[in-house]
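# Architecture and fold: a report
Residue-level listing of the chains:
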Amino acid sequence: MKVVISGYYGFGNAGDEAILYALIQALRAYDPCIQITVLSDKPEQTEAVYGVKAVSRWRLIKILRALRVSDGLLSGGGGLLQDETGWKSVFYYTSIMAFARLLGKPFVVFAQGVGPMRYGFNRKLAKSVLSMASWVSVRDEGSRELLKEIGIDKEMKVVPDPAIALGEGLKVVKSEGVPTVVVSVRWWSSRNNFKKKVASALDRCARQGYRIVFLPMHGKEDQSASEEVLTLMKEPASITSCDASFEEKLRLVGQADVVFGMRLHSLIFAAVNRVPFVALSYDPKVDAFTNQCCQPLLGSVDDLWGEKDLYDQIVHQVNHGHLESARLDTLISHLKEDIYSAAQQALAVMNTTFQKRIRPF
């Protein structure tokens, strides 16, 4: 079987690269002979890292050629269908789906986080294109409700973020002694100076003997945010390389005693390593995953929490690490099974639909 995968790949975002890796592994578990082509910003790099074919996501002719010889398109995962970062995202990803349909190929939407979708034309576009999908799955209940709201009336399955399937065979030995706090922050506009409060809380942790390590999940953007918090701190801390691979970042998280994170995939990396975490939300997807994992949510960047609130939650997670790790172990084991089952279902749907020879619209 030949499948094209469309997503936010090749941009150096550790979360999205982890999604791609886990997705490829899940598809190959179902079909070891599957031929995968990824639409990537850096196709040569994607080919070298993942052992797949890749074409530029910006070269329409190459995209059409890849779709034409494929058995279908898999769109996902990640938060692709949203206009928080600009209206073009919804247009781009629905266009790829429409191209597949024009060529008579089935497409499935896999484990996507949908929304926010504020522009009316984006909602209409998403409704028009997703109504033609052979199968739709989303990664949280909020995404399903939004798709229902814009008029998608077909059955939609809620499946976990594919990155949760990472960590098979991952063995990380934690260092004894000094507790380590891994910190993932990002830029976000806020009425409150949340970075100053984070810096003060981390200073208190450092004065208690904790080691503070910043982890930029999304390249230089997150490195700048980490450096800004670090300059506000009075105690020493370190920042890991923003160019580290997602495997290196995953392993670093595995060596932590607790993760304090804004980026969703820093929390997912913690969960797959069974590392307790504390979340600071800027998006409903963070709230949803934190609640799913029964881990503490400090609040949003605009809430009136204080430095002591963050400090107390970090200390609590460190002191109750064994209990929280056991809780995460039970949860993640079940979620991994759901991801592999969903990957199998997506391929089965595409294969069945292709055999029926879809007529182009």
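Structure: see above.
For the structure given in this document, a descriptive report is provided here. Owing to the predicted nature of the structure, the values given are computational and were not obtained by experimental measurement. (Residues numbered from 1 in each chain as written. Predicted model: local features only at pLDDT ≥ 70, side-chain atom pairs only at ≥ 80, totals over all residues. Heavy atoms only, no water.)

Secondary structure assignment for the protein chain yields 13 helices and 13 strands. On C-alpha atoms alone, the protein chain measures out to a radius of gyration of 21 Å, which is about the 21 Å that the 2.2 N^0.38 rule sets for 361 residues. Its C-alpha atoms give the protein chain principal-axis dimensions of roughly 65 × 45 × 35 Å. Residues classed as buried in the protein chain amount to 54% of the 361 residues present. In the protein chain, once contacts between residues fewer than 6 apart in sequence are set aside, the share between residues at least 24 apart is 70%. When the accessible surface of the protein chain is split by element, carbon and sulfur atoms take 50% of a total near 15,600 Å². (Helix = DSSP H or I, 4+ residues; strand = E, 2+ residues; numbered from the N terminus. Rg over C-alpha atoms; globule rule 2.2 N^0.38 Å. Buried < 20%, exposed > 50% of the residue type's maximum accessible area, 1.4 Å probe, protein only. Contact = heavy atoms within 4.5 Å. Areas by Shrake-Rupley, 256 points an atom, 1.4 Å probe, with all protein chains shown as cover.)

As a further point, take the layout of surface pockets. In this approach the atoms are scanned with a rolling probe the size of a water molecule, which exposes any empty space left behind. Put simply, the largest pocket is a space of about 1,000 Å³. If you go around the largest pocket, you meet 42 residues; those closest to its centre are Gly79, Leu80, Gln82, Thr85 and Lys285. For the lining of the largest pocket, the elements supplying multiple residues, two or more each, are α1 (14-30), α4 (88-102), α6 (141-149), α10 (264-272) and α11 (284-292). Taken as a whole, the second largest pocket spans an internal volume of roughly 340 Å³. What lines the second largest pocket is a set of 19 residues, among which Gly12, Glu17, Gln45, Ala244 and Ser245 lie closest to the centre. The set of elements that each furnish at least two residues to the lining of the second largest pocket consists of α1, α2 (43-50), α8 (219-232) and α9 (246-254). Here the lining of the second largest pocket takes four residues from α2, the largest share from any one element. (1 Å grid on protein atoms, 1.4 Å probe; cavity = no way out; pocket = protein on both sides within 12 Å on 5 of 7 lines; lining within 4 Å. Points joined across faces, edges and corners; volume = space filled by probe spheres on them.)

Attention now moves to the pattern of salt bridges. Applying the stated criterion to the full structure yields 15 salt bridges. Linking Arg123 and Glu149 is a salt bridge whose minimum nitrogen-to-oxygen distance equals 2.9 Å. Taken as a pair, Arg123 in helix α5 (residues 120-130) and Glu149 in helix α6 lie far apart in primary sequence, 26 residues in all. Across the salt bridge formed by Asp222 and Arg263, the nearest N and O atoms sit 2.8 Å from each other. Here Arg263 lies in the loop between β11 (258-261) and α10 and Asp222 lies in helix α8, a separation of 41 residues in the sequence. Accessibility assignment for this pair places Asp222 and Arg263 in one class, buried. In this structure, a network of salt bridges that share partners links the residues Arg186, Glu221, Asp222 and Arg263. (Salt bridge = Lys/Arg side-chain N within 4 Å of Asp/Glu carboxyl O.)

A contiguous nonpolar patch, built from Trp87, Phe91, Tyr119 and Phe121 and spanning about 440 Å² of accessible area, is present on the exposed surface. Within the element layout of this structure, Tyr119 appears in the loop between β5 (107-112) and α5. (Patch = residues over 30% accessible without salt bridge, like charges linked within 9 Å, V, L, I, M, F, W, Y side chains within 5 Å.)

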